[in-house]
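# Residue-level structural notes
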Amino acid sequence: MIPEHEVKARLRAAGVAVPRGVTAAGPERVAEAAAGLAPPLVLKAYGPGLVHKSDAGAVRLGLASAADAAEAAAAMRERLAALGVEAAGFLVEEQAAPGVELIVGLVRDPGFGPVILAGLGGVWAEVMRDTAVRVCPIDEAGAREMLASLRAFPLLSGHRGTPAVDLDALAGLLVRLGGPGGLWEELDLGEFELNPVIASPGGAVAVDARHLPV
Ligand code: ADP
Ligand code: MG
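Reading the values: rules and limits
- Residues numbered from 1 in each chain as written.
- Chains lettered and ligands numbered in written order.
- Predicted model: local features only at pLDDT ≥ 70, side-chain atom pairs only at ≥ 80, totals over all residues.
- Heavy atoms only, no water.
- Helix = DSSP H or I, 4+ residues; strand = E, 2+ residues; numbered from the N terminus.
- Rg over C-alpha atoms; globule rule 2.2 N^0.38 Å.
- Buried < 20%, exposed > 50% of the residue type's maximum accessible area, 1.4 Å probe, protein only.
- Areas by Shrake-Rupley, 256 points an atom, 1.4 Å probe, with all protein chains shown as cover.
- Pairing = 2+ DSSP bridges.
- Donors = N, O, S within 2.8 Å, 3.2 Å for Na, K, Ca; no water.
- Core = buried A, V, L, I, M, F, W, Y, C linked by side-chain atoms within 4.5 Å.
- Contact = heavy atoms within 4.5 Å.
- Domains from an automatic or database assignment.

Next up on the list: the overall build of the chain. Scanning the chain from terminus to terminus reveals seven helices and 10 strands. Taking 17 Å as the expected radius of gyration for a compact globule of 214 residues, we find that the chain reaches 18 Å, a close match to that expectation. For the chain, the spread of C-alpha atoms along the three principal axes comes to 50 × 45 × 30 Å. Counting over 214 residues, the chain shows a buried share of 44%. Taken as a whole, the chain presents about 10500 Å² of accessible surface, with 56% of it coming from carbon and sulfur.

Let us now look at the pairing of strand β9 (residues 203-206). Alignment of strand β8 (residues 190-200) against β9, held across four bridges, turns out to be antiparallel. Residue pairing across strands places Ala199 opposite Ala204, the latter belonging to β9. Hairpin connection between β8 and β9: a loop of two residues separates the two successive antiparallel strands.

This part covers the coordination of the magnesium ion (ligand 2). The coordination sphere of the magnesium ion (ligand 2), as far as protein atoms go, consists of Asn195 (O) and Asp208 (OD), spread over 2.1 to 2.2 Å. Of the two residues, Asn195 is situated in strand β8 and Asp208 in the loop between β9 and β10 (209-213); the sequence distance between them amounts to 13 residues. Under the relative-accessibility criterion, Asn195 is labelled partly exposed at 26%. Accessibility expressed as a relative area gives 12% for Asp208, which makes it buried.

Time to look at the nonpolar core. Among the nonpolar cores identified, the biggest contains 37 residues, and Leu11, Leu106, Leu156, Leu170, Leu174 and Leu177 are the most heavily contacted of them. Secondary-structure elements contributing two or more residues to this core are α1 (4-13), β5 (100-109), β6 (113-120), α5 (140-148), α7 (167-178), β8 and β9. Apart from the residues within four sequence positions on either side, Leu170 is in contact with Leu102, Leu147, Leu156, Val165, Val197, Ala199 and Ala204. In terms of nonpolar packing, the next biggest core, distinct from the first, is built from 21 residues, Ala34, Ala73, Val85 and Val92 among them.

Often the size quoted for an interface is simply the accessible area lost on bringing the parts together. Here the domain parsing of the chain yields domain 1 (20-94) and domain 2 (100-213). Its C-alpha centre places domain 1 at a distance of 27 Å from the equivalent point of domain 2.

Right under this line is the structure:
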């Protein structure tokens, strides 16, 4: 499995916004590595056997300083070890502003070839099955149509006093994945799952990313 921070580096190179972050081989290295990041910080352990990180207790949000992240990493390593999981390393990153969590994916459909999908993320995704799918490549108008077709669109466009998210940024993210020259052209190497992308009035950030090699 390709570590999350490497997948995010690939996304960043493709123009997709990801949180600023650093890695550390062990808890002893966390404070120094994370010194340049702006809190609140997020700590994640990575390693073989750590696929659904939150289920394993391998994600901590809202850490107030690099020192707090280091302390949390030591505790996390202990807890994981008790479960028989060894953390190969830690990712510390800046916590994105709260917003609407979306799932975005690039997958190869057996009939249609490369497709991009976007939908409401988190627990809502499972309950609502609210997803838009398009064959790649898409353009900006196509990306906006995808978003507008979601039942959850009012959550994105502003509803009863909740502010609209940055739809330009969100559509731009979809185009950098599924548009001309986008990441979809690398689908031969495997599928991408961004879960979640957090869309807020300030932008759209992929805070988790997985690459599933073929
Ligand atoms: P999992 O492997 O469990 O999917 P994630 O990396 O998606 O782990 O983290 C779990 C949850 O924590 C995410 O769904 C998101 O709500 C939150 N989260 C993770 N990273 C960040 C971040 N950098 N900024 C804000 N929220 C985050
Ligand atoms: Mg996730």
